[in-house]
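Observations on chain architecture
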Amino acid sequence: MEKRTLKDWIIATRPWSFPASFIPVLAIGAYLYYRYGTTSDVFHGWNLMLALPMMMLFQAGGNLLSDYSDYKKEVDLPGSLNGVRHIQSGKFTPKEIRLFGIILLSFAVLIGITLLFIAGFYLIWIGLAGMIMAFFYAYIKYHALGDLEILLCYALLPAIGTSYIALDNLHPEVIWICLPFGLLTVAILHANNTRDIQNDSRAKITTIPILIGGHISQWIYFFEVIIPYILIVLFIILKEIPLLSLITFLTIPMALKNLKQMMKANPNNEQELIGLDQTTAPLQLIFGILYTLSFVIMSLI
């Protein structure tokens, strides 16, 4: 067995994907503080500090279990663009990846139970939903529901949970305030699935791009990237978010570059979509950070 370092174990969790899990807590937490925290006696900032590692552990564990499932189902083959390198290379055995995922999910559950006692047991349904989707992500992904699960796990459910743990109740507007970064998070998976149409078809799994075809998938990605900016303008007009949230528009050059690659590509040629998921991820990250900063800065003014 090849010698492994701590770095190898960390890389196996795909840490570059973690913005999908911590941006919802940061952005919605900052929004809630901007809207209510400065005037309310109740704002549990420390609860958010627990929610951050919990979300990242859930994602890391889910990533590992997904990689294990993809390997066992032969979705990822040697040489494939989406191959699970840490298993294919022999650095880790499939059982080690599965066990590592279960351990990380167990730690996430422990933090979640702690939050239940601190913030209230009305959070239990959110925790159960998140845990079920993390454990069964691969199965859900194989049946064309991956995009929906990503929107739920990395936008809607964290937004609702953050509202409860920060302010002890649900502020329903968080359900749409999370959509700008949530759609960009879904776009990461959609770019990946559009690239992998041929490979996933060979593996006999079903994704949305397989169901609707590559050309329509390109337009789905287009709208997933464009709509967040439209929503920012709409929310400002409705006075849900501050004018300063227009700083998210600084990411438009990144968005246009990604859109150019997607819309000019032949969706049946995976080579033309190489790296699009990886360039959509920093778009989601920077957009989310700027979105968060707009609330933080306005809270301090």
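Values in this document were obtained by computation on a predicted structure and should not be read as measured data.

Definitions and limits used
- What you see as residue numbers is a count from 1 along each chain, following the sequence as written.
- Per-residue local features are limited, in this predicted model, to residues with pLDDT of at least 70; the limit for side-chain atom pairs, both in listing and counting, is 80 or more; totals at the level of whole chains, interfaces and linings are taken over all residues.
- To obtain the side-chain values, all non-hydrogen atoms of the structure were included, while hydrogens and water were left out.
- Here a strand is any run of E in DSSP of at least two residues, a helix any run of H or I of at least four, and the numbering for each starts at the N terminus.
- Take the residue count of a helix, subtract one, and multiply by 1.5 Å to get its expected span.
- Relative accessible area decides the class of each residue, using a 1.4 Å probe on protein chains only: under 20% of the type maximum gives buried, over 50% gives exposed, and in between gives partly exposed.
- Only protein atoms enter the 1 Å grid used here. Points where a 1.4 Å probe fits but cannot escape make up a cavity, open sets with protein on both sides within 12 Å along at least five of seven lines make up a pocket, and a residue lines them when an atom lies within 4 Å of a point.
- Grid points are joined across faces, edges and corners, and a volume is the space filled by probe spheres set on the points.
- Residue polarity follows a fixed list, in which Ala, Val, Leu, Ile, Met, Phe, Trp, Tyr, Cys and Pro are nonpolar, Asp, Glu, Lys and Arg are charged, and the others, Gly among them, are polar.
- Cysteine sulfur atoms are paired as a disulfide whenever they fall within 2.5 Å.
- Definition of nonpolar core: a set of buried residues of the types Ala, Val, Leu, Ile, Met, Phe, Trp, Tyr and Cys, connected through side-chain atoms within 4.5 Å.
- What makes two residues a contact is simply this: any of their non-hydrogen atoms within 4.5 Å.
- Only Phe, Tyr and Trp rings take part, Trp by its six-membered ring, and two of them pair if their centres are within 6.5 Å. Stacked means planes under 30 degrees apart, edge-to-face means over 60, and tilted covers everything else.

The end-to-end C-alpha separation of helix α8 (residues 146–167) is 30 Å, in line with the 32 Å expected for 22 residues at 1.5 Å each. With 20 of 22 residues buried, α8 is to be regarded as a mostly interior element. Asp168 occupies a position one or two residues after α8 and carries a positive phi of about 70°.

Attention now goes to unusual backbone geometry. At Asp168, a position not held by glycine, the phi torsion is positive, near 70°. Mapped onto the secondary structure, Asp168 falls in the loop between α8 and α9 (174–177). Even without a glycine there, the phi angle at Lys239 is positive, about 60°.

Roughly 200 Å³ of volume is contained in the second largest pocket. Where the lining of the second largest pocket is concerned, the elements lending two or more residues are α2 (19–37), α3 (45–72) and α15 (276–300). Among the residues forming the lining of the second largest pocket, the class breakdown is 11 nonpolar, 4 polar and no charged.

What follows covers the state of the cysteines. Taken as a whole and assessed by the stated rule, the structure comprises 0 disulfides. Residue Cys153 stays outside any disulfide, its sulfur separated by 12 Å from that of Cys178, the closest cysteine. Its relative accessible area of 13% is what places Cys153 among the buried residues. Take Cys178: its relative accessible area is 0%, and that puts it in the buried class.

Our focus in this paragraph is the nonpolar core. Residues Ile28, Phe181, Tyr221, Val225, Ile241 and Tyr291 are the most contacted members of the largest nonpolar core, which totals 68 residues. With 13 residues, α8 is the largest single contributor of residues to this core. Once residues within four sequence positions are removed from consideration, Ile241 is found in contact with Tyr31, Tyr34, Ile177, Ile232, Phe235, Ile236, Tyr291 and Phe295. Counting residues in each nonpolar core, the second largest holds 10 residues, with Ala12, Phe92, Phe100 and Leu104 among its members.

This next bit is on the packing of aromatic side chains. Counting across every chain of the model gives 14 aromatic pairs. An angle of 65° between the planes, with centres 5.2 Å apart, marks the rings of Trp219 and Phe222 as edge-to-face. You can see Trp219 and its partner Phe222 sitting in helix α13 (residues 214–237), 3 residues apart, about one turn around the helix. Residue Trp219 is classed as partly exposed on the basis of its relative accessible area of 46%. Judged by its relative accessible area of 23%, Phe222 is partly exposed. Seen in terms of ring centroids, Tyr229 and Phe249 are 5.4 Å apart; in terms of plane orientation they differ by 85°. Their pairing is edge-to-face. Here Phe249 lies in the loop between α13 and α14 (252–264) and Tyr229 lies in helix α13, a separation of 20 residues in the sequence. Accessibility expressed as a relative area gives 6% for Tyr229, which makes it buried.

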